[in-house]
Amino acid sequence: MKISKVRFKNNNANYSVLIGLGAIKSLKKQIDLVCPDTKKVALIFDKKIPSKLKNTVKKQVKNYEVYVYQYSVNEKLKSFKKVNQLNESLLKKNFNRSDLIIAVGGGVIGDFSGFVASILKRGINFINLPSTLLSQVDASIGGKTGINSKQGKNLIGTFYQPKLVISETEFLKSLPRREMVCGFAEILKHAFISDKKFFKWIERNTRKIIEKRNESVINSAIFRSCRIKISFVTKDEKEKGDRAILNFGHTFAHGIEAASNFSKKINHGEAVLIGMFLATKISRDRKICSYSTLNKIVNFYKKNNLPNNLKKYSLNRSLDKIVEHMKKDKKNKDSKISLILLKYIGKTTKPGTIKMSPQQVKLALKKIT
């Protein structure tokens, strides 16, 4: 299958995102191009990556001095303790700025490895090989790295662009359905915030993505999602303006995840799907979007059996906790909670224009859940 390429280019970075079956086989050639002085490579694996794919990656870097690190992945990995352990290990092996960290895993591995790369000797080379649909369509693009605080998710981090992203779709074949739904949430978000035609395409192809794993359809979904995200990030890399639109549904989602103590009971994509659903309901309640827009989204969720309420996860009794964590969202600039709401499919409100007090958010949630 043809390998698709999307280019990220702004004043601070210029790199390729390669997408498709077999894309990983170009890793050696790409390292020679983007990191010509590299001598040492640290491979940071999610332990669950199939051995066959781990070996494929290892073969691509066999001419380097290679160090392999494997982690059991959950949000607890994103801590200063784990970051410090990896930093100390790499410093002991005398990694320098021309050497390379390669992340092979989902968003957690990417966030963790990218953060280490950004602070080790004030920045060493970083390549991302995202292994989940979620990370291929969203987390690997845009340069956000981060770890968690006791106060919430991703509150400590940096903006640090990779040298290269390779979205090898072979990784997706081993993912359970729940992980495909998780990634689908971000594909859907990109359509909601930016592209009505993309949403119509998604309506026709949802089952081909989640259930049938159609390679050409998935490639197209990843490619179109990456293009949309890159269009926001290149204009506003440090999230000072319109990049915040990419957080549609996420302020709720991060509150939901934190209220559940980042348990496996609900994953990031499920929280985002619920967050977008809640944001749309509040959009209608505040007369920002029409009934027809709300009904179209409600019917789409029902037809595809997508997560849309807190009761299923026993979180409807945790509204106080959810709102408390929403208050700590890094995009808030005062005591109010800043929200991105939906005007219609393909268009949201501008960042900073919708602010609600914690009490208003709590009352709105009680009304719609």
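Residues numbered from 1 in each chain as written. Predicted model: local features only at pLDDT ≥ 70, side-chain atom pairs only at ≥ 80, totals over all residues. Heavy atoms only, no water.

(A) View of the packing of helix α10 (residues 268-285) against helix α13 (residues 358-368). The geometry of α10 relative to α13 is characterised by a closest axis approach of 10 Å and an angle of 100° between their N-to-C directions. The orientation of α10 with respect to α13, classified from their angle, is roughly perpendicular. Where α10 approaches α13, its residues L278, K281, I282 and D285 are matched on the opposing element by A364, L365, K367 and I368. Split by residue class, the contact of α10 with α13 holds 5 nonpolar, no polar and 3 charged. (Axes fitted to C-alpha atoms, helices over the stretch in contact; angles between N-to-C directions. Helix = DSSP H or I, 4+ residues; strand = E, 2+ residues; numbered from the N terminus. Parallel < 35°, antiparallel > 145°, perpendicular 65-115°, else oblique. Contact = heavy atoms within 4.5 Å. Nonpolar A, V, L, I, M, F, W, Y, C, P; charged D, E, K, R; others polar.)

(B) View of a positive patch on the surface. Among the surface-exposed residues, K196, K197, K200 and K296 lie close enough to one another that they form a single positively charged patch. Among the elements that take part in the positive patch, helix α7 (residues 196-210) stands out by supplying 3 residues, more than any other. The residue K296 is located in helix α11 (residues 291-303) in this model. (Patch = residues over 30% accessible without salt bridge, like charges linked within 9 Å, V, L, I, M, F, W, Y side chains within 5 Å. Areas by Shrake-Rupley, 256 points an atom, 1.4 Å probe, with all protein chains shown as cover. Salt bridge = Lys/Arg side-chain N within 4 Å of Asp/Glu carboxyl O. Lys, Arg positive; Asp, Glu negative; His and termini not counted. Charge placed at Lys NZ, Arg CZ, Asp CG, Glu CD.)

(C) Just the nonpolar core, in detail. L188, F192 and Y301 are the most contacted members of the largest nonpolar core, which has 78 residues in total. Among the nonpolar cores identified, the runner-up in size contains 22 residues, and A23, I49, L100 and V104 belong to it. (Core = buried A, V, L, I, M, F, W, Y, C linked by side-chain atoms within 4.5 Å. Buried < 20%, exposed > 50% of the residue type's maximum accessible area, 1.4 Å probe, protein only.)

(D) Quick look at the packing of α7 against helix α8 (residues 215-235). Axis separation between α7 and α8 bottoms out at 10 Å; the angle between their running directions is 145°. Between α7 and α8 lies a crossing whose hand is left-handed. On the side of α7, the interface is formed by K197, F198, W201, N205, K208 and I209, while α8 contributes V217, I218, S220, A221, R224, S225 and I228. Class assignment of the residues belonging to the contact of α7 with α8 gives a composition of 7 nonpolar, 3 polar and 3 charged. (Left-handed = near helix turned anticlockwise from the far one by under 90°.)

(E) Here's a closer look at helix α9 (residues 250-259). Here α9 lies mainly inside the structure; 10 of its 10 residues are buried. Those residues of α9 that fall on the buried side of the exposure criterion are H250, T251, F252, A253, H254, G255, I256, E257, A258 and A259. Packed against the buried residues of α9 are β8 (152-156), α6 (177-194), α10, α12 (319-327), β10 (337-338) and α13.

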